[in-house]
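Chain by chain, the residues run as shown.
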Amino acid sequence: MKIRMQVNGAARELETEPMRRLLDVLREDCGLTGTKEGCGEGECGACTVLIDGKPVNSCLVPVGQVHEAELLTVEGLSDGELLTDVQRALVEHGGAQCGICTPGIAVTAESLIRREKNLDHARIRELLAGNLCRCTGYQRVVEAVAEAAAKRGGAGDE
Ligand code: FES
Ligand code: FES
């Protein structure tokens, strides 16, 4: 099947088996290895990308479903190698350790900061519930996302 999609603002067209996982197509065919595989079963959120602005586990999506869709991966968050405010805050707060969950958290956090204006800690925890991290205990992740959201004028503190 011929798949046409926008990935991080650039048009991509590829010929592939439509049931392949979007995660694999991004990593293997598009060279976008920032998107990570954790569980491979839709449980951990490590593979999160935005499809038409919504966070989705790319390990569960057959690539045939994203024909004509707009995708954003962690590589598309920032300009070149500069970290985004969310990524910087994750590093500064110690919210990134082994790093497997971090791209998925950064992508999910970006989408929620863009969508919602009044993000308190409870709401951030709720919206990040699908992104598991076995290193940080979440408090630092939540603090980092809250700080980034507040700096963009979209959140309050706890
Ligand atoms: S790798 Fe996709 S949800 Fe865990
Ligand atoms: S930093 Fe290791 S799983 Fe989150």
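Residues numbered from 1 in each chain as written. Chains lettered and ligands numbered in written order. Predicted model: local features only at pLDDT ≥ 70, side-chain atom pairs only at ≥ 80, totals over all residues.

Caption draft 1: Molecular detail of the sheet that holds strand β5 (residues 70-72). Reading across from one edge, β2-β1-β5-β3-β4 is the order of the five strands in this open sheet, with mixed pairing throughout. The open sheet is flanked by β2 (10-15) and β4 (54-57), the only strands paired with a single partner. Recorded for the sheet is a direction-independent mean angle of 40 degrees between the axes of neighbouring strands. Pairing of strand β3 (residues 48-51) with β4 involves four bridges; the strand directions are antiparallel. Across the sheet, the residue bridging to T48 is N57, located in β4. Along the sheet, helix α3 (residues 102-115) makes contact with β3, β4 and β5, crossing β3 at roughly 35 degrees. (Pairing = 2+ DSSP bridges. Helix = DSSP H or I, 4+ residues; strand = E, 2+ residues; numbered from the N terminus. Axes fitted to C-alpha atoms, helices over the stretch in contact; angles between N-to-C directions. Contact = placed C-beta atoms within 7 Å.)

Caption draft 2: The pairing of β2, seen in detail. Little of β2 sits out of view: just zero of its six residues are buried. Examined bridge by bridge, strand β1 (residues 2-7) and β2 share six bridges and lie antiparallel to one another. When the sheet's bridge partners are listed, M5 is paired in β2 with R12. Counting the residues in the hairpin turn of β1 and β2 gives two residues, including N8, whose phi is positive at 50 degrees. (Buried ≥ 20, exposed ≤ 12 C-beta atoms within 10 Å, placed from the backbone.)

Caption draft 3: Structural context of the packing of helix α2 (residues 85-92) against helix α5 (residues 139-151). The interhelical angle for the contact between α2 and α5, taken along N-to-C directions, is 140 degrees, at an axis separation of 8 Å. As far as their axial angle goes, α5 and α2 are oblique. For the element pair α2 and α5, the recorded crossing hand is right-handed. Across the interface between the two elements, D85, V86, A89 and L90 from α2 touch V141, A144, V145, E147, A148 and K151 from α5. By residue class, the composition of the contact of α2 with α5 is seven nonpolar, no polar and three charged. (Parallel < 35°, antiparallel > 145°, perpendicular 65-115°, else oblique. Left-handed = near helix turned anticlockwise from the far one by under 90°. Nonpolar A, V, L, I, M, F, W, Y, C, P; charged D, E, K, R; others polar.)

Caption draft 4: Up close: the nonpolar core. Within the largest apolar cluster, 45 residues are counted, with the highest numbers of intra-cluster contacts made by L90, A106, A109, V141, V145 and A148. For this core, the elements supplying multiple residues, two or more each, are β1, α1 (22-29), β3, β5, α2, α3 and α5. Residues lining this core come from more than one domain, with at least three contributed by each of domain 1 (2-76) and domain 2 (85-151). When residues no more than four places from it in sequence are discounted, the contact partners of V145 are V86, A109 and I124. (Core = buried A, V, L, I, M, F, W, Y, C linked by C-beta atoms within 7 Å. Domains from an automatic or database assignment.)

Caption draft 5: Quick look at α5. Given a rise of 1.5 Å per residue, 13 residues ought to cover 18 Å, and the 18 Å separating the end C-alpha atoms of α5 matches this to within 8%. All of the buried residues in α5 are V141, V142, E143, A144, V145, A146, E147, A148 and A149. At its buried positions, α5 is contacted by α2, α3 and α4 (121-127). Of the residues flanking the end of α5, it is G153, one or two places downstream, whose phi is positive at about 80 degrees. (Expected span 1.5 Å × (residues − 1).)

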